[in-house]
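Commentary on secondary and tertiary structure
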Amino acid sequence: MTNPDHSTSEVSSHNHPSQSESQISDSSLTLITTYKLNGHNYLPWSQSVRLYITGRRKEAYLDESSPIPAPTDPKYNTWLSENTMIMSWLINSMISEVGEDFMLYRTAAEIWAAARDTYSSADNTSELFGVKNYIKNLRQGELSVIKYYGLLNKYWQQIDLYENLDWRCQEDQMLFNKQKNQRRVFQFLSGLNDEFDGARGRILASKPLPLVREVFSEVRREESRREVMPPESLQSYSPASFE
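What comes next concerns the included structure.

Our focus in this paragraph is the environment of Glu-218. Position of Glu-218 among the secondary structure elements: in helix H11 (residues 212–228). Judged by relative accessible area, Glu-218 falls into the buried class, the value being 7%.

Below is the structure:
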């Protein structure tokens, strides 16, 4: 992911609120992500951290190419304060055993680069294997349809991060996405409880196969119907198939 190239003035004017505003809204103890970098989850950690920092318009602090104001520059104190704050954000988003290794760095950009160099795998093979191995036998069981789909979707997003493919042509990307959707529809349906056999059969008979999120919506509606309709009504009830 490309870092923006900001000039010194951009860092000072666009990425820095006043000191009083920083004191009110930008505590260095802010929990910026639910992920804690533990040495095995760099990609989801870095993605969530970047989203937060970019949302606060402070992404230039993660860019090693961004110039640092000279100590004599009137803007230096603002840079120093906010750089220190973001260093705290980063270190506090790591487990203590990992964060201790980054305490002596001078800038947030140095911490960001060091974390990438230390924990980012070039091919993510072991992480990808771990996620795919976990979800291949995942079943709904006692989970609601919403929780079951949410769990699958969480790991599907991680797989998308790990695979991060570069496409040579749009047609190949479209074909891959179609096949990926089919795999995920099959995986979602195969893990549903037996009570959804009817919905599963209707969906699989649909031409073309719906998107996985549309499949989830249909099964969720079926679950809602089962919660409000008596069992004898469900036996004769047959909702329309996908068009």
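The rest of the description comes next.
Pairing between side chains of opposite charge can happen when their charged atoms approach one another. Across all of its chains, the model carries eleven salt bridges by this definition. Taking the shortest distance from any N to any O, the salt bridge between Asp-160 and Arg-184 comes out at 2.9 Å. Here Asp-160, found in helix H8 (residues 145–163), pairs with Arg-184, found in helix H9 (residues 170–190); they are 24 residues apart in sequence, far enough to count as distant. Through salt bridges with shared partners, a single network forms among Arg-202, Glu-218, Arg-221, Glu-222, Arg-225 and Arg-226.

The subject of this paragraph is the nonpolar core. Within soluble globular proteins, side chains that are nonpolar generally end up buried alongside one another. Formed by 25 residues in total, the largest nonpolar core has its most connected members in Leu-37, Trp-45, Ile-86, Leu-90 and Phe-102. Elements with a minimum of two residues in this core: helix H3 (42–55), helix H4 (76–92) and helix H6 (108–119). Element by element, the count of residues in this core is highest for H4, at eight residues. Among residues more than four places away in sequence, those in contact with Phe-102 are Ile-91, Met-94, Ile-111, Ala-114, Ala-115 and Tyr-119. Listed in part, the 23 residues of the second largest apolar core include Leu-43, Val-131, Trp-156 and Val-219.

Let us now look at the packing of helix H10 (residues 197–204) against H11. Relative orientation of the contacting elements H10 and H11 amounts to 150°, with a least axis distance of 10 Å. Accordingly, the angle class assigned to the pair H10 and H11 is roughly antiparallel. You can see that H10 and H11 cross each other, and the crossing is right-handed. Here H10 contributes Ala-199, Arg-202 and Ile-203 to the contact with H11, which in turn contributes Val-215, Glu-218, Val-219, Glu-222 and Arg-225. Grouping the constituent residues of the contact of H10 with H11 by class yields four nonpolar, no polar and four charged.

Each value, and the rule that gives it
Residues numbered from 1 in each chain as written. Predicted model: local features only at pLDDT ≥ 70, side-chain atom pairs only at ≥ 80, totals over all residues. Heavy atoms only, no water. Helix = DSSP H or I, 4+ residues; strand = E, 2+ residues; numbered from the N terminus. Buried < 20%, exposed > 50% of the residue type's maximum accessible area, 1.4 Å probe, protein only. Salt bridge = Lys/Arg side-chain N within 4 Å of Asp/Glu carboxyl O. Core = buried A, V, L, I, M, F, W, Y, C linked by side-chain atoms within 4.5 Å. Contact = heavy atoms within 4.5 Å. Axes fitted to C-alpha atoms, helices over the stretch in contact; angles between N-to-C directions. Parallel < 35°, antiparallel > 145°, perpendicular 65-115°, else oblique. Left-handed = near helix turned anticlockwise from the far one by under 90°. Nonpolar A, V, L, I, M, F, W, Y, C, P; charged D, E, K, R; others polar.

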